[in-house]
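Topology and contacts: notes
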Amino acid sequence: MRAFTGTQVREAERPLLAAGQGPALMRRAAWGLAEHVAAVLRARGRVSGATVAALVGTGNNGGDALWALAFLRRRGVEAVAVPVVRDDDGAPRWHAEGAAALRAAEGRVADAVPARAAVVVDGILGTGARGALTLPAAARDLPAGAVVVACDVPSGADADTGGVAGEVLAAAHTVTFGAVKTGLLLGAGAAAAGRVHLVDIGLGPHLPPEPRTGLHGVDRAAVRRLHPAPAPDAHKYTRGVVGLAAGSQRYPGAAVLAVGGALGAGAGMAHLAGPAAAQDLVLAAHPAALASADGPEPDRADAWVVGPGLGADAEARARLERVLDAVSAAGREPAGAPAVVVDASALELVTAEQLTALAASGARVVLTPHAGEWARLRDRLPVAGAKDADAGGAGELERLRAWAAAHRVTVLLKGPRTLVAAPDGEAWLMRDGGPALGTAGTGDVLAGVLGAVLAADRARAVRAGGPSPAAGRPSTAALAAAAAWLHARAGTGPAAGRGAVADALPAAVGTVTAALWWEDDGRE
Ligand SMILES: NC(=O)C1=CN([C@@H]2O[C@H](COP(=O)(O)OP(=O)(O)OC[C@H]3O[C@@H](n4cnc5c(N)ncnc54)[C@H](OP(=O)(O)O)[C@@H]3O)[C@@H](O)[C@H]2O)[C@@H](O)CC1
Ligand SMILES: Nc1ncnc2c1ncn2[C@@H]1O[C@H](COP(=O)(O)OP(=O)(O)O)[C@@H](O)[C@H]1O
């Protein structure tokens, strides 16, 4: 799944409108909307005989709603159109053909939504909205039991950014046309949209193809491609070796969680580089792991994870430097640089110069901040254009893109939903998971999972003859999104029932990974 801004969808529509296909597009959209409304009615007991009201604005969004009412009328629904703008003479200001279709189908016009309405269609504003909306009176007093179904976009939400400048009409469902709009997935727009349903109106060939546009969604089928089962003749080195500079005398547990995440996601080998206390704990929890002061030999690591539980002292800084030096040095070898995950403490320590050196080494680099770490990163390593966007919407996505581009690294922003942005603008949204993951230590597991996914990719590439990010290799952002999905799925399974979710998470990651790899259950 890819989402596009409302602006991109309008661009895609342009040639079709110029070719006179506007009315056909509108009827396709309205048919899809009517189908979804009928499904809601059916779930509530009856279609024929039920009442559906639509709040109808002045533009094409209102036109869609009027046509949908006309289609529903033919299925025995009582269809009531409520114009939200009237001219001075009292005539509704709305889409003329849509209104004619409603009249022909014997729909009614009223000034308010009847109390018996089972569904209210929001056709006030769609992608043509400009600036703040003040909700019309008829939208304020809706019957308590009525289900609100938004036409294309919830009125008041920006289809590009998900921002809400004024008021918004919250919906239980949004039926959107041509492509999922980014504003339905981000920020306040996502909250107002409810469940999003896409109606294909034939825009596909006209939507922009480049990865830098739009927002990719990650699902099981994508993760299967991005993190495939090991080949039948795989061995520990061809499955990928993960080095982890994690844990400290003070925070040894983070090393256990990160190593567990790497093993759970199927690393051929996970090798801790850490102090004695962390080594002991890691080996006690994961006998399959390796643990030493320095971690894997420099030419052995396919990916490094640096940061979980590292702390903020001089020793932490030195450990970060050692990893980054090893990565940069490996970048000069034929096998190329291992990937690096910069997480937790390392996000507070890493410098702009170090990021530049990493980018120059050709390594895949992923930074994994949560919201607080992200705010501090932006303050510490500021970037023009990445500062003043509104948080929580696509503004946040643009800010992430600008920062990733300036520092030439991929950034995975953790939270209730995970956003990934690459330097070339490619972006992914991962919406699985839930609040069960919101306890200490789950991020450490994610860092390990990410290390394993990146290591497996590099090991496959080395085996195939060269690690350079050649054509055919997945993008770093896609791999990061795949890791976030594995982690989120693990956190919504039985592990979510545990109080200490992070402790149970590595094994749950293992279960999800095994199901992905070895169970051909047709759940594509
Ligand atoms: N193009 C196509 O063929 C297809 C389009 N499709 C559908 O069309 C929708 C886009 O339609 P659209 O471009 O007519 O804009 P739309 O969202 O109805 O609103 C514009 C009107 O609202 C008003 N208005 C604006 N801001 C406002 C505010 N803050 N507060 C109050 N009023 C405000 C503004 O009125 P004005 O102020 O200019 O008089 C303007 O007239 C799209 O979402 C999809 O549903 C589908 O059928 C597929 C085919
Ligand atoms: N409400 C939520 N819904 C979905 N995922 C969540 C939620 N809260 C936290 N997460 C996920 O849990 C992880 C928490 O990571 P982080 O904040 O780094 O924790 P820690 O540093 O304690 O390990 C992230 O992957 C984040 O996306």
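All values derive from a computational prediction rather than experimental measurement.

Each pair of aromatic rings is reported with the distance of its centres and the angle of its planes. Going through the model one piece at a time under the given rule, you end up with 4 aromatic pairs. A ring pair is formed by Trp 517 and Trp 518, whose centres lie 5.6 Å apart and whose planes are at 80 degrees; its orientation type is edge-to-face. Using a relative accessible area of 11% as the deciding quantity, one classes Trp 517 as buried. You can call Trp 518 exposed: its relative accessible area is 54%. Through successive ring pairs, a cluster of aromatic residues spans Trp 31, Trp 67 and Phe 71. Over the ring of Trp 67 we find Arg 27; its NZ or CZ atom is 5.4 Å from the centre of that ring. Stacked on the ring of Trp 374, the Lys or Arg Arg 378 has its end atom at 5.0 Å from the ring centre.

With respect to topology, 12 strands assemble into an open sheet ordered S8-S1-S10-S19-S18-S17-S16-S15-S14-S11-S12-S13, the strand pairing being mixed. Of all the strands in the sheet, the pair left with one neighbour each is strand S8 (180-181) and strand S13 (290-292). One ladder, built from 3 bridges, connects strand S12 (residues 269-273) with S13; its direction is parallel. Directly across from His 271, in S13, lies its bridge partner Leu 290. Set on the sheet, helix H7 (residues 253-264) makes contact with strand S11 (241-245) and S12; between it and S12 the angle comes to about 160 degrees.

For any two helices packed against each other, one specifies the crossing angle of their axes together with the interaxial distance. The contact between helix H3 (residues 60-73) and helix H4 (residues 96-104) brings their axes to 8 Å, and the two run at 15 degrees. Judged by the angle between their axes, H3 and H4 are roughly parallel. Taken as a pair, H3 and H4 cross one another with a handedness that is left-handed. For the pair H3 and H4, the contacting residues are Leu 66, Trp 67, Leu 69 and Ala 70 in the first and Glu 97, Gly 98, Ala 99, Ala 101 and Leu 102 in the second.

Procedures and definitions
Residues numbered from 1 in each chain as written. Chains lettered and ligands numbered in written order. Predicted model: local features only at pLDDT ≥ 70, side-chain atom pairs only at ≥ 80, totals over all residues. Heavy atoms only, no water. Phe/Tyr/Trp six-rings, centres within 6.5 Å; stacked < 30°, edge-to-face > 60°. Buried < 20%, exposed > 50% of the residue type's maximum accessible area, 1.4 Å probe, protein only. Lys NZ or Arg CZ within 6 Å of the ring centre and 35° of its normal. Pairing = 2+ DSSP bridges. Helix = DSSP H or I, 4+ residues; strand = E, 2+ residues; numbered from the N terminus. Contact = heavy atoms within 4.5 Å. Axes fitted to C-alpha atoms, helices over the stretch in contact; angles between N-to-C directions. Parallel < 35°, antiparallel > 145°, perpendicular 65-115°, else oblique. Left-handed = near helix turned anticlockwise from the far one by under 90°.

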